[in-house]
Amino acid sequence: MALLFVARNLRATEKLAFSYTIRNMSSTQKFLIDQPKYSFLKELGLEKRNAGVYNGKWFGNGEVLQTFCPANGELIAEVQAGTVDDYDQCVVESRKAWNVWADIPAPKRGEIVRQIGVALRDKLEPLGKLVSLEMGKILPEGIGEVQEYVDVCDYAVGLSRMMEGKVIPSERPNHALLEMWNPLGTVGVISAFNFPVAVYGWNNALSLVCGNTLIWKGAPSTPLCSVATTKIIADVLEQNNLPGAICSLVSGGADVGIAMAKDVRIPLVSFTGSTKVGREVALTVQSRFGRSLLELGGNNAILVDESADVDLVVRAALFACAGTAGQRCTTTRRLVLHDKVYDAILAKLVKAYEQLLPRTGDPIEAGVMYGPLHNQMAVDQYSAAIKEAVASGGKIEFGGKVMDRPGFFVEPTIISNLKGDTPVVMTETFVPILYVLKCSSLEEAIQINNQVDQGLSSSLFTQNMGQVFKWLGPKGSDCGIVNVNIPTSGAEIGGAFGGEKHTGGGRESGSDSWKQYMRRSTCTINYGKDLPLAQGIKFE
Ligand SMILES: NC(=O)c1ccc[n+]([C@@H]2O[C@H](COP(=O)([O-])OP(=O)(O)OC[C@H]3O[C@@H](n4cnc5c(N)ncnc54)[C@H](O)[C@@H]3O)[C@@H](O)[C@H]2O)c1
């Protein structure tokens, strides 16, 4: 359904003809942006055709990306993406802008981030609606995503006065041993479709206070979110007479991402997306000894022991498994139930899923709790996973079908009767399919939790304090996020966010994640007249 016009390999004359065709095609096509219901798009400065590259000025010489509403398959608007040459121009401008930005004291950079937070607050509703319209998540989550960016701005403002170094006792007389943190330069951000604003927000606010400039490549199926967000930031930079290239944008596809991964001028590539692509990016960046920050796929589990509060489990699981139609990296994909509570929880969860179905609809409408998948590819992945699960012996307890309605809707699905090591259970399929597994002890449940390649989020439901500390300890969950009596999804920004193993090991957002955006120098200063060597070495 979603068309991506590929102009990349065309000669100049063909490109001209190509863009003419697209222009003509656009003029006869209907755009949601023209309908009164979607007038909020204009409040964000969006038009039918938008330039998708920004480095102080807006332009774009690449493919025309058409962006569709997942709830009805209709065309929202278009974005003219960037080419690799456009990307190159952005790097040049961003590095020039760094010379200005890095000289501004950190708390003053924090003041700019504060203003970005204020500007986002002003646009909370229209931008949240755009997230909902273009990605397909329900409106409260779309607004919540923008709120998350606002929260990270607030956090980064405080951080801008707290990114402390160290003074370490020196073993040598008249010597000072210091640890200093400096910005890296221009940070490249490649982000996924499912958090088209917040993931950039985490990287943006932290990178900025750390003294870096940024070049962002969002997902090619959510380019309006990238353009609208960058417009908000650009206004703040321009009002402060700062170079817009501090926060550059290159809308585009894999070609731009690959160029960024290879580019020695980009000391850090922060990549959020699938494990498959993340691995390629990581290897490319590593081959030039660059740094990568990886936020990759998850295969998250809720474990439930026999003492758990059953109703709490059901409420948490409904949100974590079926919420966002299964399109969060932290979505619960495996529910590991103690056999004493297995039947009761499964029965209640099936009832809760039944109650969710009448709340299915256009995610931008009030009261809707369950929206569509992002595109046809996701619907195909859903159907393939159901087929594989059934062929492996799985029993469909709920759902299992593509819905017969416009857009990309599928039934939220519960499948039982599989083992934890069944290949389809071990795989992250980015759709609302939950595998319900049985266990008879916490040790067995933890073994199931840890046996997958991914290591993002995990939760244990229990009322037993002893179990809690086993779960949090060395023989407990091996994930980056380890919760108790809350779902696997819905993290707060104050903690470091990220996961282990094939999730990539990166940490973003709170705690000391800022250190990933800076380089550390260990500095020894001799303020005496002698030259004593460390470890008492004599060189005489
Ligand atoms: N751990 C996290 O924080 C987190 C958060 C959100 C999403 N995710 C993961 O993202 C995935 C879903 O997102 P997606 O389908 O957009 O992921 P994806 O890997 O298909 O795409 C992610 C980004 O990479 C770009 N890209 C594609 N090929 C590239 C290449 N060869 N080199 C460089 N860049 C390239 C895409 O254009 C996009 O911008 C899921 O696996 C989900 O778990 C993880």
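The rules behind the values
Residues numbered from 1 in each chain as written. Predicted model: local features only at pLDDT ≥ 70, side-chain atom pairs only at ≥ 80, totals over all residues. Heavy atoms only, no water. Helix = DSSP H or I, 4+ residues; strand = E, 2+ residues; numbered from the N terminus. Buried < 20%, exposed > 50% of the residue type's maximum accessible area, 1.4 Å probe, protein only. Contact = heavy atoms within 4.5 Å. Lys, Arg positive; Asp, Glu negative; His and termini not counted. Charge placed at Lys NZ, Arg CZ, Asp CG, Glu CD. Pairing = 2+ DSSP bridges. Axes fitted to C-alpha atoms, helices over the stretch in contact; angles between N-to-C directions. Domains from an automatic or database assignment. Buried area = accessible area lost by both parts, 1.4 Å probe. Salt bridge = Lys/Arg side-chain N within 4 Å of Asp/Glu carboxyl O. Polar contact = N/O pair within 3.5 Å; in protein donor to acceptor, adjacent residues only side chain to side chain. 1 Å grid on protein atoms, 1.4 Å probe; cavity = no way out; pocket = protein on both sides within 12 Å on 5 of 7 lines; lining within 4 Å. Points joined across faces, edges and corners; volume = space filled by probe spheres on them. Nonpolar A, V, L, I, M, F, W, Y, C, P; charged D, E, K, R; others polar. Near = heavy atom within 4 Å. Areas by Shrake-Rupley, 256 points an atom, 1.4 Å probe, with all protein chains shown as cover. pLDDT = per-residue confidence, 0-100.

Draft legend 1. A look at the overall build of the chain. Check the secondary structure of the chain and you find 16 helices and 24 strands. Each principal axis of the C-alpha atoms in the chain carries an extent, and together these give about 80 × 65 × 40 Å. Here the chain holds 540 residues, and the buried ones make up 57% of them. For the chain, restricting intrachain contacts to residue pairs at least 6 apart in sequence, the fraction spanning at least 24 positions comes to 73%. Averaging the coordinates of the 53 positive side-chain charges in the chain and doing the same for the 56 negative ones gives two points 3 Å apart.

Draft legend 2. Representation of the sheet that holds strand E6 (residues 166-168) in the model. The strand order E6-E7-E24 describes an open sheet built from three strands, whose pairing is antiparallel. Only two strands of the sheet have a single neighbouring strand rather than two, namely E6 and strand E24 (518-526). Averaged over neighbouring strand pairs, the angle between their axes works out to 25° when direction is ignored. Where strand E7 (residues 175-183) meets E24, nine bridges bridge the pair, whose relative direction is antiparallel. The residue bridging tryptophan 181 from the neighbouring strand is arginine 520, located in E24.

Draft legend 3. Spotlight on the domain arrangement of the chain. Assigned domains within the chain: domain 1 (2-23 + 31-296 + 508-518) and domain 2 (300-492). The gap between the C-alpha centroids of domain 1 and domain 2 is 31 Å. Contacts between domain 1 and domain 2 engage 23 residues on the former and 22 residues on the latter. Carbon and sulfur atoms supply 60% of the area that domain 1 and domain 2 bury against each other, a total of about 1900 Å² over both sides. Taken together, domain 1 and domain 2 are joined by three salt bridges. For lysine 37, the salt bridge is made with glutamate 365, and the minimal N-O distance between the two is 2.9 Å. Scanning the region where domain 1 abuts domain 2 turns up nine residue pairs in polar contact (both at pLDDT 80 or more). When residues of the side of domain 1 that touches domain 2 are traced back to their parent elements, those giving at least two are helix H5 (124-135) and helix H6 (139-159).

Draft legend 4. Representation of the sheet that holds strand E9 (residues 213-217) in the model. The strand order across the open sheet built from seven strands is E3-E2-E10-E9-E8-E11-E12, with neighbouring strands paired in mixed fashion. Whereas interior strands pair on both sides, the edge strands pair on one side only; in this sheet they are strand E3 (58-59) and strand E12 (291-295). With two bridges connecting them, strand E2 (residues 53-54) and E3 associate as antiparallel partners. If you follow tyrosine 54 over to E3, its bridge partner there is tryptophan 58. The sheet strands contacting helix H3 (residues 84-101) are E2, E3, strand E8 (186-190), E9 and strand E10 (247-250), and the helix crosses E9 at an angle near 155°.

Draft legend 5. Main features of the pairing of E10. Side chains Cys247 and Leu249 of E10 all project onto a buried face; the interleaved residues Ser248 and Val250 project onto the opposite face, where all are buried too. The pairing of E2 with E10 spans two bridges and is classified as antiparallel. The residue of E10 that forms the bridge with valine 53 is valine 250. By the bridge criterion, three bridges tie E9 to E10 in an arrangement that is parallel. When the bridges of E10 are listed, leucine 214 appears paired with cysteine 247.

Draft legend 6. Structural detail: the environment of valine 79. Topologically, valine 79 is positioned in strand E5 (residues 75-80). When the C-alpha atoms of valine 79 and glycine 62 are compared, they prove to be 9.4 Å apart, with 17 residues separating the residues in sequence. Leave out the neighbours within four places in its chain, and valine 79 touches Asn50, Ala51, Gly52, Glu63, Val64, Leu65, Pro223, Leu224, Val227 and Ser251.

Draft legend 7. Representation of the side chain of serine 191 within the structure. Tracing the backbone through its elements, the reader meets serine 191 in the loop between E8 and helix H7 (198-210). Overall, serine 191 belongs to the buried group, its relative accessible area being 6%. A distance of 2.9 Å separates polar atoms of two side chains, one belonging to serine 191 and the other to tryptophan 216. Not counting residues within four places of it along the chain, the set of residues in contact with serine 191 comprises Val199, Trp216, Lys217, Gly218, Ala219 and Thr272.

Draft legend 8. View of unusual backbone geometry. Unlike most non-glycine residues, asparagine 241 shows phi in positive territory, near 55°. Mapped onto the fold, asparagine 241 is located in the loop between helix H8 (223-239) and E10. In the Ramachandran plot, alanine 325 falls in the positive-phi region, its phi being about 45° despite a non-glycine side chain. Examined against the element boundaries, alanine 325 turns out to sit in the loop between helix H11 (310-322) and strand E14 (332-338).

Draft legend 9. Main features of empty space enclosed by the protein. Applying the stated criterion to the full structure yields one cavity of 30 Å³ or more. Reported here for the largest cavity is a volume of approximately 40 Å³. Surrounding the largest cavity, Asn299, Arg333, Thr427, Thr429, Val431, Ile433 and Tyr435 form its lining. Taken together, the residues of the lining of the largest cavity break down into three nonpolar, three polar and one charged.

Draft legend 10. Main features of the site of the ligand. Around the ligand sit 28 residues, and of these Ser191, Lys217, Ser274, Leu296 and Glu428 come closest. In the environment of the ligand, an oxygen atom lies 2.8 Å from a nitrogen or oxygen atom belonging to the backbone of serine 191. The side chain of glutamate 428 places a nitrogen or oxygen atom 2.6 Å from an oxygen atom of the ligand. Here the ligand, which alone exposes 860 Å², has 87% of that area covered by the protein. Counting residues per element, the ones that place at least two in the shell around the ligand are helix H9 (254-262), strand E11 (268-272) and helix H10 (275-287). Of the residues that constitute the shell around the ligand, the class distribution is 15 nonpolar, nine polar and four charged.

Draft legend 11. Here's a closer look at the confidence of the model for the chain. Looking at the chain as a whole, the pLDDT averages 95, with 95% of positions reaching at least 70. In this model residues 1-27 is a low-confidence stretch, pLDDT under 50, and it forms 31 contacts with partners more than four residues away in sequence or in other chains.

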